[in-house]
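This is what each chain is made of:
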Amino acid sequence: MIQLEHVTKTYPKASRPSLDDVSVAIDKGDFVFFIGPSGSGKSTIIKLLLHEITPNSGKVYVNERDVTTMRSWKIPTFRRSIGCVFQDFRLLPNRTAYENVAFALEVIGKSKGVARRVVPEVLELVGLGGKEHRYPHELSGGEQQRVAVARAFVNRPLILLADEPTGNLDPDTSVEIMRLLDRINRTGTTVVMVTHDSNIVNQMRRRVVEIESGRIVRDQARGVYG
Amino acid sequence: MRAKYVLAEVVTGLWRNVTMTIAMMITMAVSLTMLGASLLMYMQVKSLQDFFYGKVEVSIFLKLDVTDDQRAALKSDLERDPLVQQPVIYESRETAMKRFKEQFKDAPDLVNATKPDSLPESYRVKLKDPNQFNEVASRYNGKEGISEIIDQRKLLGKIFGIFNSVQNVALIVAIVQGLAALLLVANMIQIAAFSKRREVAVMKLVGASNWFIQAPFVLEAVFAGLVGAILAFAALWLSKHLFLDGSLKALQNVFPPIPESNVLLMLPVLAGIGAAINAITGWITLRFYVRV
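Predicted model only: the values in this text are computed from it and were never measured.

Here the focus is the pairing of strand 1 (residues 58-62) of chain B. Consecutive side chains along a regular strand alternate between the two faces of the sheet. All names here are of chain B. Of all five residues in strand 1, five are buried, a share of seventy percent or more. Because side chains alternate across strand 1, one face comprises the buried residues Val 58, Ile 60 and Leu 62, and the other comprises Ser 59 and Phe 61, equally buried. Relative to strand 3 (residues 122-127), strand 1 runs antiparallel, the two sharing four bridges. The partner of Phe 61 across the bridge, within strand 3, is Ser 122. Where strand 1 meets strand 4 (residues 146-151), five bridges bridge the pair, whose relative direction is antiparallel. Looking at the pairing, Val 58 lines up with Asp 151 of strand 4.

Structure below.
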């Protein structure tokens, strides 16, 4: 599903590589944590998988496609198979929960009819039934993140990338978001989550890949934060 | 639905920064007006040249003391000359005086002060090829009884020179204003892209196609260009009808009026130029500067 082969990425002007000869493979339906201190290079992986950046050397495969050599005009279609959630939610403040999710469908050419059918369903799934018409500022942090998850999942992607999704949330709310991601993972969606939230990792007992200074120092099934 | 979305985005985009949009349209309008005026002048000068050059003659003025023999010899030379279009017209002092009185009938003092003697007699000829004036002139220069050979084309050349420089000034103003308009377009798009940066980020994230992200911005610029072109056309049309056909109507005895069809032609021409230039500028701004 996802495969990194000897990937090295050095940002311009950086003294050392963010990722140094990293190889990792993730199967379909996996749930993987990438953990490590700030600046260890774990967020760089998300950017590589989204083709926001390209590696200096090595190969990145997503959905059996070589991302590194992908032509730029193919990127939009490619991204439709990936959902993405961030620490800062990235919701549009002038749109309601419903509109935020529907926006993701409309801008890839889905009709309003499709949105009317699919959006309430996915908002129900993330536990926001009845709050469709609230604006982000009328929702709690956890609820905003649920909207973000709904937006990432509404297109039924094969992969869900989560970059510190609980970074702005209190522990209880974080647990709820993790339950949600777990449910999404059970539908067959591969989930890749970057975090340094040790409680979460220890609770979930899923595969853990630890990165330090751009290198993989641990890759453990059913791991803990350590 | 997509078209509707894009159009709605264009409208809100234009309205979001309405002062800027208006400034852009006005600059665009001024630039395109100048461009249109310059084009019209170019077409007009072309038709004026055809109009006048068909009529111009070479005047061969004879000396006051020319003899009958010299006059007759010159006439037969001219009639046999292969470069000269027949017939050769002779203008006596009396006809010259009559023509002069007719031409300057509004200035009786000038007419009264002019003695018939001061207007020389002349031959007026048309050349088969007006460009061969120098050859004709050198052939007759120095012949007995000739005082001066004048090519009316040279006089017209000076007038057309003035037209040309006016046209050039208009063109330069058009280019300078056009540049200002382009910078405003680039600026407008940058502001638009900035105010929509969240939407753009989400669109890129969920995989909206590039044209779908860029189209509203480019169309905003194109729309502003079209409005500028329409304003420019209105300015040109009004100047023709209010000034050239109105207060400057007297000039039309000398110069043929600008045909309505040429003015109407300016609408699609200016609209096309305005829209195309704005679209290209907009796209380049997005592609290389804003990186939307």
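Bringing the domain arrangement of chain B into the picture now. A common way to express how large an interface is: the accessible area buried when the components associate. Per the domain assignment, the segments of chain B are domain 1 (2-52 + 157-290) and domain 2 (64-144). Taking only C-alpha atoms, the centre of domain 1 of chain B and the centre of domain 2 of chain B are 51 Å apart.

Take the packing of aromatic side chains next. Between two aromatic rings, the relevant description is the distance of the centres plus the angle of the planes. Residue and element names in this part refer to chain B. Overall, the coordinates contain five aromatic pairs over all chains when judged by the stated rule. Centroid distance Tyr 90 to Tyr 123: 5.4 Å. Interplanar angle 55°. Geometry classified as tilted. One end of the pair, Tyr 90, is in strand 2 (residues 84-91); the other, Tyr 123, is in strand 3, with 33 residues separating them in the sequence. Note on Tyr 90: relative accessible area 35%, which makes it partly exposed. When its relative accessible area of 2% is taken as the criterion, Tyr 123 is described as buried. Aromatic side chains Trp 283 and Phe 288 sit 6.4 Å apart centroid to centroid with 90° between the ring planes, which places their arrangement in the edge-to-face category. Look at Trp 283 and you get partly exposed, because its relative accessible area is 39%.

A few words on helix 1 (residues 2-16) of chain B. An α-helical turn contains 3.6 residues, so any two residues separated by three or four positions project in the same direction. Helix length check: helix 1 of chain B, at 15 residues, gives a terminal C-alpha distance of 21 Å against a target of 21 Å (1.5 Å per residue), a fit within 8%. Of the residues making up helix 1 of chain B, those classed as buried are Tyr5(B), Val6(B), Glu9(B), Val10(B), Gly13(B) and Leu14(B). For helix 1 of chain B, the angular spread of buried residues about the axis comes to 160°, placing them on one side. More than 90 degrees from the buried face of helix 1 of chain B, the exposed residues found are Lys4(B), Leu7(B), Val11(B) and Trp15(B). Its buried side turned inward, helix 1 of chain B meets helix 3 (97-106) of chain A together with helix 2 (18-53), helix 8 (197-206) and helix 9 (210-247) of chain B.

By size, the foremost hydrophobic cluster in this structure holds 87 residues, and its most contacted members are Phe33(A), Val107(A), Leu181(A) and Met203(B). Apart from residues lying up to four places away in sequence, Met203(B) is in contact with Phe103(A), Val107(A), Tyr5(B), Ala208(B), Phe212(B) and Ile213(B). Listed in part, the 32 residues of the second largest apolar core include Leu49(A), Val67(A), Leu161(A) and Val194(A).

With that settled, the discussion passes to the UniProt feature "domain: ABC transporter" (unreviewed entry) in chain A. Here the UniProt-annotated "domain: ABC transporter" (unreviewed entry) positions come out as residues 2-225 of chain A. Summarising residues 2-225 of chain A: 33% helix, 25% strand, and an end-to-end C-alpha distance of 22 Å.

Hydrogen bonds between backbone atoms are what pair the strands of a sheet, whose relative direction is either parallel or antiparallel. Residue and element names in this part refer to chain B. Strand order in the open sheet formed by four strands is 2-3-1-4, with antiparallel pairing between adjacent strands. Where the open sheet ends on each side, the last strands, each with one partner, are strand 2 and strand 4. For this sheet the average axis-to-axis angle between neighbouring strands, irrespective of direction, equals 20°. Sheet strands touched by helix 6 (residues 133-140): strand 1, strand 3 and strand 4. Its angle to strand 4, the strand with the most contacts, is close to 180°.

Before going further, it helps to examine the sheet that holds strand 1 (residues 2-9) of chain A. Residue and element names in this part refer to chain A. Pairing is antiparallel in the open sheet, where four strands are placed in the order 2-1-4-5. For this open sheet the edge positions go to strand 2 (19-26) and strand 5 (65-66), each flanked by a neighbour on one side alone. Strand direction decides the pairing type here: strand 1 and strand 2, joined by five bridges, are antiparallel. Along strand 2, the bridge assignment pairs Gln 3 with Ala 25. Sitting on the sheet, helix 1 (residues 42-49) is in contact with strand 1, strand 2 and strand 4 (57-62), with an inclination near 115° to strand 1.

Turning next to the pairing of strand 10 (residues 215-220) of chain A. Residues and elements named next belong to chain A. Sheet topology places strand 9 (residues 207-212) next to strand 10; five bridges connect them, and they run antiparallel. When the sheet's bridge partners are listed, Glu 212 is paired in strand 10 with Arg 215. Hairpin geometry of strand 9 and strand 10 is characterised by an intervening segment of two residues between the two adjacent antiparallel strands and by a positive phi of about 50° at Ser 213.

What counts and what doesn't
Throughout, residues of each chain are indexed from 1 in the direction in which the sequence is written. For naming, the first written chain is A and the first written ligand is 1, with later ones following in the order written. In view of the model being predicted, local features appear only for residues whose pLDDT reaches at least 70, and side-chain atom pairs are presented and counted only at 80 or more, with totals across whole chains, interfaces and linings using the full set of residues. To obtain the side-chain values, all non-hydrogen atoms of the structure were used and water was disregarded. A simple rule labels every residue: compare its accessible area, found with a 1.4 Å probe on the protein chains alone, to the largest value its type can have, and call it buried under 20%, exposed over 50%, or partly exposed in between. Strands here are runs of E lasting at least two residues and helices are runs of H or I lasting at least four, both read from the DSSP assignment and numbered beginning at the N terminus. Strand pairing is assigned whenever DSSP detects at least two bridges linking the two strands. Where each domain starts and ends follows an automatic or database-derived domain assignment. By convention, a stacked pair of Phe, Tyr or Trp rings (six-membered ring in the case of Trp) has centres within 6.5 Å and planes under 30 degrees apart, an edge-to-face pair has planes over 60 apart, and any other such pair is tilted. The span expected for a helix works out to 1.5 Å for each residue beyond the first. Read the arc as the range of directions from the helix axis to the C-beta atoms. Contacts are assigned to residue pairs with any non-hydrogen atoms lying within 4.5 Å of each other. Only buried residues count toward a nonpolar core. Its members are Ala, Val, Leu, Ile, Met, Phe, Trp, Tyr and Cys residues joined through side-chain atoms within 4.5 Å. UniProt positions are given in the numbering used here, feature names are shortened, and annotations may be inferred rather than shown by experiment. Note on geometry: axes are C-alpha line fits, over the in-contact stretch for helices, and angles between N-to-C directions span 0 to 180 degrees.

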